[in-house]
Each structure stands twice: as structure tokens, then as C-alpha cells.
Amino acid sequence: MQRLGITNETGQIALNFFKHFRQCLTDMKLQINLSTQLEQLGLDLNSLNSGESTLSFRQYYQLLEIVAPQVSQSGFFLRLGSLYKITDIGVLGYASLSAENLRKSWDLTFNGTVLLPHPITGKRNVRDGRVSVELEWPARSLIDPRALQEEWLAATWNWICQRIPEVSESTEFQLKLAYPVPGYRTVYEEIFPGKISFDQPETELSFPEPWYDLPFPAANPAASRLCHEQCLLIMAQLDEQSNLVNEVRKTLLLSPQRRFLNHEEMAMHFKIPTYTFHRRLKKSGTNYRYIVAEVRMELAKKYLESTAIPLQEISYLLGYDYPPNFYRAFKKWFGFTTESIRGKT
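Residues numbered from 1 in each chain as written. Predicted model: local features only at pLDDT ≥ 70, side-chain atom pairs only at ≥ 80, totals over all residues. Heavy atoms only, no water.

(A) Representation of the pairing of strand β1 (residues 121-127) within the structure. Relative to strand β2 (residues 130-136), β1 runs antiparallel, the two sharing 7 bridges. Its bridge partner lying in β2, N125 is registered against S132. (Pairing = 2+ DSSP bridges. Helix = DSSP H or I, 4+ residues; strand = E, 2+ residues; numbered from the N terminus.)

The structure is reproduced here in C-alpha cells:
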């Protein structure tokens, strides 16, 4: 099997999801100014459409969080997750489809989270004759988790049905949801065939344990093994490239926030040519300007959540000479105002 480049593989997966995102907006006739939303993430819509550029998973899920307030009351995220195909995730998808059963398939996908990162993580359990996945949401996030939980649940159920079609109408599938009944409950009933319970302590899906070992129609252990080996190669490359991104973030956090290092200075700090520095960040699906903005905004949020420092002083600490520019940048990045955080704290 030809070795795939890390940028091609992970970038193409995120781009596949983005295409479904656009299709879902069109199908549901939802009006979103995508160009403006993408600009917040350092992306250009025309370049994405032409294939001249791609986006990272981080950028894709930040886009979903940005648009969530505008579309979440329509059932959009359930529809979106239902559009994902398991083959969208490239070599990891083919490895998963070729596995012998769901147990082995999930061993691949749950262990492949470096290739397929998601803001939500799932904790698998087998108890009382049922397999369950309990969803865990980052405690520090201020975004309502329901939207991305819906996307994750719908996609996971869709991928289960793609691998074992005979269970697609089974009422043995169950959902427990840690939020109230939404106005679009009928969309849940269209997508999920079994019992759906709202206002539960945790969000989880579950199904009978025998499903775990039902043979896949497309099972091919040899092909699955080859695809899995390819996944490991790609993930090793991703770890290497992600290390640079993490080191850049760490350096920025340890530097005086009033004046961050510029692109050339940061390249010199790591003793690599400026072009090489830019290229390695690009391979990780990001750029230096975006990382600086990300660190600055995360610091702003932490100051707002954890301290009583006045807003004007925070803006000064982060390099803004004019506080209204900071307020606008913060709202553009997160989708909510600085005052909304101080109101909660």
C-alpha cells in the first residue's frame, strides 16, 4: 500500500466533513455567511472550494461551535452527523469496515483519535448484557455541548448501521440524553429507532452485547491489518508535527503576552529556517498567526474566568492598545462577549 502523507490524509478527512456540512446547510435551506465565519479561523472559502487549501479538525470543529447558536434549534447537527460516511475517514474507515466485527472495529477507531480528533470523548463499557458509550465533554468549555453531542451520536449510529446493516431498524438501540427535550424531537425519532430518554444524568448510547460480535459483511482481516498499519504510520507523523505546534504554544505562553514573538523570531527560537517553520505548521493544519490568536484568546478567557482583572487591563496585557478592539476580537473568536463570562463568574 502506498504510504499516504499526513497532510493529505487528515486534511482530506476534515474536508470531507466540511463538504457534508455545506450540503446540510443547503438541504435545510439555512443561511450562514460562511466566508465571514471561515475568516475567523484564518481560512478562505474560495480556496477550500477549489482544493487549493484544506482545514484541520481543530478548525472544522471550531467552525461548528461558531455556527451552533445560529442553527442548533433546527436539528442541524443530527442531520449533519447522519450524512457522514465511514469511508470519509480514509484509511481508518477502510480498516474499520474490513474488521471482523464491531468490537475490533471500535478498537481501531477509539484508539485512532489522533487521526480522528473530536472535542467529545467516549468511554466504552460492557455491563448487564449491553455495550454503552458515555460521552464526556471538556469541563472548561463554555459552548453548549448538545450540538456536538448530537453530531457525534448521529454519526456513530450511522456508522454502526453501515457496518452491520441488519440492526438499522432495531428498537434494542437506546439513547440517554443529559438535556431537555428539544423542539425538534421528531428528528431524533427519524434517525434513532429505539428508546430515547431526555433529562438523564449522562449522555450515552447503548445496544445489546451480541451486536459487538456480529460479523461484518465486508470483513477482510488482511486488508484491515494493512490499513491499520498505515494508520499507525500516519499517526506517528502526526505526533511529530503536533509536537512543534505544542512547543510553539508553550513558548508563547511563557513569553511576555504584551509582545509575542513574530513569525521570524519564533523560527529563530527553534533554530529552523522561516520557510521550514511555516511549512511544518501548514502540514499540521495551522499557521503561526492562528496559533498566536488562539493562545491570546485562551489566555483572555482564563483571565476572565479565574481573575478579577478589569477588562481594560486584560486587553492591555494581551497587546491591545484599544480595548474595543479586544472586545470585538473576543466575540468574533468565541461567539459570545467578555461580559457574558464575567456575568457567569
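That shown, we press on.
(B) A look at the pattern of salt bridges. Counted according to the given criterion, the structure contains 8 salt bridges. Across the pair E100 and K104 runs a salt bridge, and its minimum N-O distance is 3.1 Å. Classification of E100 as partly exposed rests on a relative accessible area of 37%. Owing to a relative accessible area of 40%, K104 belongs among the partly exposed residues under this scheme. The partner of E294 in a salt bridge is R249, with the nearest N and O atoms 2.8 Å apart. Remark: R249 occurs in helix α10 (residues 221-254) and E294 occurs in helix α13 (residues 288-306); sequence separation between them is 45 residues. Looking at E294, the relative accessible area reads 6%, which means it is buried. A relative accessible area of 17% places R249 in the buried class. (Salt bridge = Lys/Arg side-chain N within 4 Å of Asp/Glu carboxyl O. Buried < 20%, exposed > 50% of the residue type's maximum accessible area, 1.4 Å probe, protein only.)

(C) Representation of the sheet that holds strand β5 (residues 204-208) in the model. With mixed pairing, the 5 strands of this open sheet are ordered in space as β1-β2-β5-β3-β4. Bordering the open sheet on either side are β1 and β4 (195-197), each of which pairs with just one other strand. Taken pair by pair, the neighbouring strands of this sheet meet at an average axis angle of 15°, ignoring direction. As paired elements, strand β3 (residues 174-176) and β5 share 3 bridges and run antiparallel to each other. Paired with L175 across the two strands is L205, which belongs to β5. (Axes fitted to C-alpha atoms, helices over the stretch in contact; angles between N-to-C directions.)

(D) Representation of the environment of W152 in the model. Along the chain, W152 turns up in helix α8 (residues 146-163). With relative accessibility at 12%, the residue W152 sits in the buried group. When the C-alpha atoms of W152 and S82 are compared, they prove to be 9.3 Å apart, with 70 residues separating the residues in sequence. In this structure W152 touches H118, I120, V133, L135 and L205, once residues within four positions along its chain are discounted. (Contact = heavy atoms within 4.5 Å.)

(E) Summary view of the packing of aromatic side chains. Taken as a whole and assessed by the stated rule, the structure comprises 26 aromatic pairs. Aromatic side chains Y188 and F198 sit 5.3 Å apart centroid to centroid with 85° between the ring planes, which places their arrangement in the edge-to-face category. Taken together, the residues span a long stretch of sequence, with Y188 in helix α9 (residues 185-191) and F198 in the loop between β4 and β5 at a distance of 10 residues. Given a relative accessible area of 9%, F198 falls into the buried group. In this structure an aromatic cluster arises from ring pairing among W106, W157, F173, Y179, Y184, Y188, F192, F198, F207, W211 and Y212. Across from the ring centre of Y179, 6.0 Å away, lies the NZ or CZ of R146, which sits over that ring. (Phe/Tyr/Trp six-rings, centres within 6.5 Å; stacked < 30°, edge-to-face > 60°. Lys NZ or Arg CZ within 6 Å of the ring centre and 35° of its normal.)

(F) Spotlight on helix α15 (residues 323-334). Spanning 12 residues, α15 covers 17 Å between terminal C-alpha atoms, matching the ideal 16 Å at 1.5 Å per step. Remark: G335 follows α15 within two positions and exhibits a positive phi of approximately 90°. (Expected span 1.5 Å × (residues − 1).)

(G) Region of interest: the side chain of H118. Following the sequence through the fold, H118 ends up in the loop between α7 (102-111) and β1. Side-chain polar atoms of H118 contact the backbone nitrogen of I120, separated by 3.0 Å. Polar contacts involving the side chain of H118 include one to the side chain of E151, which spans 2.6 Å. (Polar contact = N/O pair within 3.5 Å; in protein donor to acceptor, adjacent residues only side chain to side chain.)

(H) Local environment of the pairing of β5. Counting buried positions over the 5 residues of β5 gives 5, a clear majority of the element. When β2 meets β5, the two strands line up antiparallel, connected through 5 bridges. Counterpart to R130 in the pairing with β5 is P208.

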